[in-house]
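Observations on chain architecture
So you can see what is in the structure, the chains are spelled out below.
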Amino acid sequence: MGEVEGKEGKEGTEGLEMVERSERSERSESSEGSEGSESSGSAEGMADGLADGAGHVAVPQGNGSPAGGRVVLVTGGASGIGAAVAGRLAARGDRVLVADIDARRGEAVAARTGALFLRTNVAELEDNEAAVEAAVAAFGRLDVVHLNAGITGGTSLGPDFDLDGYRKIVGINLDSVVFGIQAALPHVRRSGGRIVVTASAAALRPSIEVVYSATKSAVVALVRSLAPVLQRDGVTLNALCPGLVDTPLIAARRSSISAAGLPVASAEQVADAFETVLADERTGQAWLVMADRPVIPFPFPELPVPGAEKLIAKTIHGADMGAPSDMETP
Ligand SMILES: NC(=O)c1ccc[n+]([C@@H]2O[C@H](COP(=O)([O-])OP(=O)(O)OC[C@H]3O[C@@H](n4cnc5c(N)ncnc54)[C@H](O)[C@@H]3O)[C@@H](O)[C@H]2O)c1
């Protein structure tokens, strides 16, 4: 479960230990449109999930942007793409909670950006729930969720197949997205929020990282199938599909990638793409993010989807919308 160490000590929030950095107030004061007086980092004074600590009601303004800044949860925010997104949105005046298993780096990101940090293992459902509840307890609502934590490696198929490695990568890359959405749904339904998942271009083309590719493909399929249902609640759900990005994830392969002349984006470029997706009304898209081309929704061919909405509606809403046997295809 989540546990945070902070150099200024620990602050309990509904059984969680969480630290808010003093840099937040500096950032809030300098951010246009932000509430300078908002900085308590506790649920105290926040009513019904819609008012901030200063008693101001946060009114949604479109694009998931309530007055006083959006409330944002970023998993895997201690490094690479997640750290870039957390830093970018915090600088915009948003209130950010970084959830990551790496407490040392997570605290460093929090210190640099003014975000909150909560130690979180995204492969565990209860940790995802704790991260969501921590963000809501601190800031009163949840507007944007970036489910971004991920790893490569683990295993491949064949004689050296490693079951533990397989379970690990599926847990961190796929279970995390299912659990993260599941945990966030009640709150993003209330706010008409936005969920963005970091998948990969490896979901859209073959990859030597076959299990990694399978997890990312599953994430894209989940996004495409679930988004139409969430749209009814005003929630958007999209996937970012970056090609190579210059982060610790590819550090071991960096020189061979350079030698091959492959395009490599910066984490800041992916943060740009993240903002492009947040500003776009579309949902259920897999946004290709490559260093050498514009950010676009991947052009999947249009295929008929017989009865799929019924099946999804039954799964998500628990309503009896028809048995799966009604479906022409599963
Ligand atoms: N770097 C690339 O070339 C690239 C390309 C496509 C997609 N991606 C995806 O982008 C996402 C971010 O990766 P990155 O490149 O920034 O790598 P990164 O290694 O810099 O960051 C990944 C973060 O996830 C965290 N994490 C790992 N396991 C976790 C767990 N169990 N619980 C919580 N946090 C955990 C790590 O501590 C780290 O902070 C990943 O999902 C990755 O698959 C990366």
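Here the structure is a predicted model, which means the values were calculated and not measured. (Residues numbered from 1 in each chain as written. Predicted model: local features only at pLDDT ≥ 70, side-chain atom pairs only at ≥ 80, totals over all residues.)

Regarding its fold elements, the protein chain presents nine helices and 10 strands. Counting over 330 residues, the protein chain shows a buried share of 47%. Residue pairs at least 24 apart in sequence account for 61% of intrachain contacts in the protein chain once pairs closer than 6 positions are excluded. (Helix = DSSP H or I, 4+ residues; strand = E, 2+ residues; numbered from the N terminus. Buried ≥ 20, exposed ≤ 12 C-beta atoms within 10 Å, placed from the backbone. Contact = placed C-beta atoms within 7 Å.)

This part takes up the site of the ligand. Lining the immediate surroundings of the ligand are 29 residues, of which Gly 76, Ser 79, Gly 80, Gly 150 and Thr 247 lie closest. Looking at the shell around the ligand, the element that brings in the most residues is helix 2 (residues 80-91), giving three residues. Classifying every residue of the shell around the ligand gives 14 nonpolar, 12 polar and three charged. (Near = placed C-beta within 6 Å. Nonpolar A, V, L, I, M, F, W, Y, C, P; charged D, E, K, R; others polar.)

What follows covers the confidence of the model for the protein chain. Scored by pLDDT, the protein chain has a mean of 80; 73% of the residues are at 70 or more. In the model of the protein chain, strand 1 (residues 11-13) stands out as the element of lowest mean pLDDT, 33, in contrast to strand 6 (residues 144-147), which has the highest, 99. When the criterion is pLDDT under 50, residues 1-64 qualifies, and its contacts beyond four places in sequence or with other chains add up to 134 contacts. Throughout residues 318-330 the model reports pLDDT below 50, and contacts reaching past four residues in sequence, or to other chains, amount to 18 contacts. (pLDDT = per-residue confidence, 0-100.)

Attention now goes to the packing of helix 2 against helix 8 (residues 267-278). Packing of helix 2 against helix 8 leaves a shortest axis separation of 8 Å and a crossing angle of 55°. Taken together, the axis directions place helix 2 and helix 8 in an arrangement best described as oblique. As helix 2 packs across helix 8, the resulting crossing turns out to be right-handed. On helix 8, the residues touching Gly 80, Ile 81, Ala 84, Val 85 and Arg 88 of helix 2 are Ala 267, Glu 268, Val 270, Ala 271, Phe 274 and Glu 275. Here the residues of the contact of helix 2 with helix 8 are counted per class, giving seven nonpolar, one polar and three charged. (Axes fitted to C-alpha atoms, helices over the stretch in contact; angles between N-to-C directions. Parallel < 35°, antiparallel > 145°, perpendicular 65-115°, else oblique. Left-handed = near helix turned anticlockwise from the far one by under 90°.)

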